[in-house]
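What follows is the residue order along each chain.
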Amino acid sequence: MSEIHLEKPSRRSFLKRSGGIVVGFSLFPAVMAQTQPAPLPGSLQTNRMLDGWLRISADGRVTVFTGKVELGQGILTALAQIAADELDVNYERIDMISADTSRSPNEGMTAGSQSVEQSGTALHYAAAEAREILLQLAAARLGVVTDSLTVSDGTVSAGSAKTTYWELAQSANFKREATAKAKPKPAARRTLIGKSVPRRDIPKKVRGEPAYVQDMRLPAMVFGRAVRPPSRRAQLEAFDEAAVRAMPGVVAVLRDGNFLAVAAEREEQAIKAAEKMRAVAKWKESADLPPRGMALYDHLQKLPSKDALISVKTGSAGGGQVSTIEATYTRPYQCHASIGPSCALAQFKEGRLTVWTHSQGVFPLRQHLARLTGLGESNVTAVHVEGSGCYGHNAADDVAGDAALPAMLRCWRARRAGVRSNCNGCAKTSSAGSPTLRRW
C-alpha cells in the first residue's frame, strides 16, 4: 500500500494563493441559507422522496414503506390506518413494508414510543400529497375541478363520471421530493384513525403459523451457534477444532480471535457441537475481574463517578431546625431483556450479505455489519422480521454478527490468509456452498 502525505498549508500561504477567493467565503453561508431545503415534518425531513413512503399499483394495491418495526406494539396496523385514512382507500388494500435497508426509509431505531410521532407524521403528509396528485390527474381526465371530486376506496367520482387511483397510477409521479404543502385531513373527517381494526401481526401468532425470524427456512440452510468467552476479558488460548469438526452433521467451524462458532446440518447437532466446543476450549482469565455478589457494590463505589446536583432549596422549615437524612439504597441488576431467544438468519451470495433480523434498527445494524465483515454498506442488506420478543440482546444485534461471519466463512478464510485480491474484499468469493447460517 502506498502512502500519500499532504502538507498542511499555513494561513499566510493560503491567503497568498487564494487571493480574491477570500471574499467569497464571507458570502458562502448566506448562499447556503438560500438553497437549503425547507424543513419537513416527522421523518420526511431525512427521507424526502415521496415514492420512498408509498406506491400505488394498477392492481388496486397500495404499498406503504416505514423504517419502524413491529415489536408487538401494533405499529404496522396504526401506520396502515393512517395511510388508508389520508388516501381514502380501504384498510385491506394497504401492504406494509417495514424496515428493509434495500426498500424502506431510514428512520433509525424503533424506540422511545416515537413511531407514530415520526413515521406516522411523515405518512400523514406523504399520503395527503399523493392524494392531491391523484385528484389533480383525475380532475384533468374527467374535465372538472378538484373541489368537485369525491373519493371512496380509491374510486374518484364527479357525478356519474368516474376514474380510479389504479387507472391513474402510471401517470402519477411520486418520484419527487415531498413538499408537505398538502395538509392532512382534520380529525373530524377521519374514519379509520382511532377506530379498532384487525391487527396485522396477531393472526399468524394465534394460529401457530410461521410468524417470527425463528420460523424462517431457506434452501440448504444450516444451523449455527456461537460460543462466548467465560468473561469479557478472557482470551482464547487453544481449542481442539478437530474434535468439534468430527462430530455428526458439522459443516463448518470458525475461529477468529476470541470468536468461536459452529454450523451443522440440524439444530440439535449445532447445539451438541457448541457444547463440545465449550468443553475443549481453553481460556486465559484476567486477574482483575470485577467481584460478584454484594462485593460488586463496594467495587462500584470506588470507581470514578460523575456527580450531578439535582436541585437546591434554600430557606428554613420547622422553626429553623434542619435535619439531615442519609441513606444508601441498592438493588439487584435488572435485565431489560426478552424471554424470547435471539435469532438471525444470514445468507452470503454473489458478494452480497443479507441478514434477516429482529433488530430495532436495521440501518445502524447495516453499518456495523459492513464494518465487521469488511463489506461496503452497499453490499449489506438488513431486513426486519419480527422476533419472539424485543429489547435486551434482541435489540443489541450481536446475533446478526454471529450469523453473518460463518455465512461468509469461505471469504473470511481467504481474507485471514491475506488473499484479498482473490475475493475482492469479499465481493466475488461466494457463494456456491457458502453456508446460510441461522443461530439462536
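Residues numbered from 1 in each chain as written. Predicted model: local features only at pLDDT ≥ 70, side-chain atom pairs only at ≥ 80, totals over all residues. Heavy atoms only, no water.

**Q** Looking at this structure, I do not really get the overall build of the protein. What am I missing?
**A** Counting its secondary structure elements, the protein contains 14 helices and 15 strands. In the protein, which comprises 440 residues, the proportion classed as buried is 43%. Considering only residue pairs separated by 6 or more positions, the protein has 74% of its internal contacts joining residues 24 or more positions apart. In the structure as shown, the protein presents an accessible area of about 25,800 Å², 52% of it carried by carbon and sulfur atoms. (Helix = DSSP H or I, 4+ residues; strand = E, 2+ residues; numbered from the N terminus. Buried < 20%, exposed > 50% of the residue type's maximum accessible area, 1.4 Å probe, protein only. Contact = heavy atoms within 4.5 Å. Areas by Shrake-Rupley, 256 points an atom, 1.4 Å probe, with all protein chains shown as cover.)

**Q** Looking at this model, I keep getting lost on the pattern of salt bridges. Mind explaining?
**A** Any two side chains of opposite charge can pair, so long as their charged atoms come close to each other. Under the defined criterion, the tally for this structure stands at 17 salt bridges. Notably, a salt bridge pairs K205 with D201, separated by 3.2 Å at the nearest N-O pair. For K205, a relative accessible area of 25% translates into the label partly exposed. Among the charged side chains, a salt-bridge network with shared partners connects R199, D201, K205 and E386. (Salt bridge = Lys/Arg side-chain N within 4 Å of Asp/Glu carboxyl O.)

**Q** I keep staring at unusual backbone geometry and nothing clicks. Help me out?
**A** Trans is the prevailing form of peptide bonds, just as negative phi is the prevailing case for residues other than glycine. Within the chain, D88 stands out as a residue other than glycine whose phi angle is a positive 65°. Within the secondary structure layout, D88 lies in the loop between α3 (75-87) and β3 (94-98). Given a relative accessible area of 17%, D88 falls into the buried group. The phi angle at E350 is positive, at roughly 50°, despite the residue not being glycine.

**Q** Looking at this model, I keep getting lost on the sheet that holds strand β6 (residues 161-164). Mind explaining?
**A** Sheet architecture is open: three strands sit in the order β4-β5-β6, paired in antiparallel fashion. Of all the strands in the sheet, the pair left with one neighbour each is β4 (150-152) and β6. Going across the sheet, the axis of each strand differs from the next one's by a mean of 25°, ignoring polarity. With three bridges connecting them, β4 and strand β5 (residues 155-158) associate as antiparallel partners. Across the sheet, residue V151 finds its bridge partner in β5, namely V156. Of the strands in this sheet, β4, β5 and β6 touch helix α4 (residues 115-142), which is tilted by about 140° from β6. (Pairing = 2+ DSSP bridges. Axes fitted to C-alpha atoms, helices over the stretch in contact; angles between N-to-C directions.)

**Q** Would you explain the pairing of strand β14 (residues 380-384) in this entry?
**A** Where burial is concerned, most of β14 is hidden: five out of the five residues are buried. What you see with β14 is no split at all: V380, A382 and H384 on one side and T381 and V383 on the other are buried throughout. As for the winding sense of the linkage, the β-α-β connection from strand β13 (residues 352-357) through helix α10 (residues 362-373) to β14 is right-handed. (Right-handed = clockwise from strand over helix to strand, strands pointing away.)

**Q** Teacher, can you tell me more about α3 here?
**A** Because an α-helix packs 3.6 residues into every turn, residues spaced three or four apart end up facing the same way. In this model, α3 (13 residues) spans 18 Å end to end at C-alpha, consistent with the 18 Å of a helix rising 1.5 Å per residue. Most of α3 sits inside the fold, with twelve of its 13 residues counted as buried. Looking at α3, one finds that the buried residues are I75, L76, T77, L79, A80, Q81, I82, A83, A84, D85, E86 and L87. Next to the buried residues of α3 lie β2 (62-66), β3, α4, β4 and α5 (165-168). Directly after α3, the chain includes D88, whose backbone phi takes a positive value near 65°. (Expected span 1.5 Å × (residues − 1).)

That's the geometry; what it means functionally is another story.
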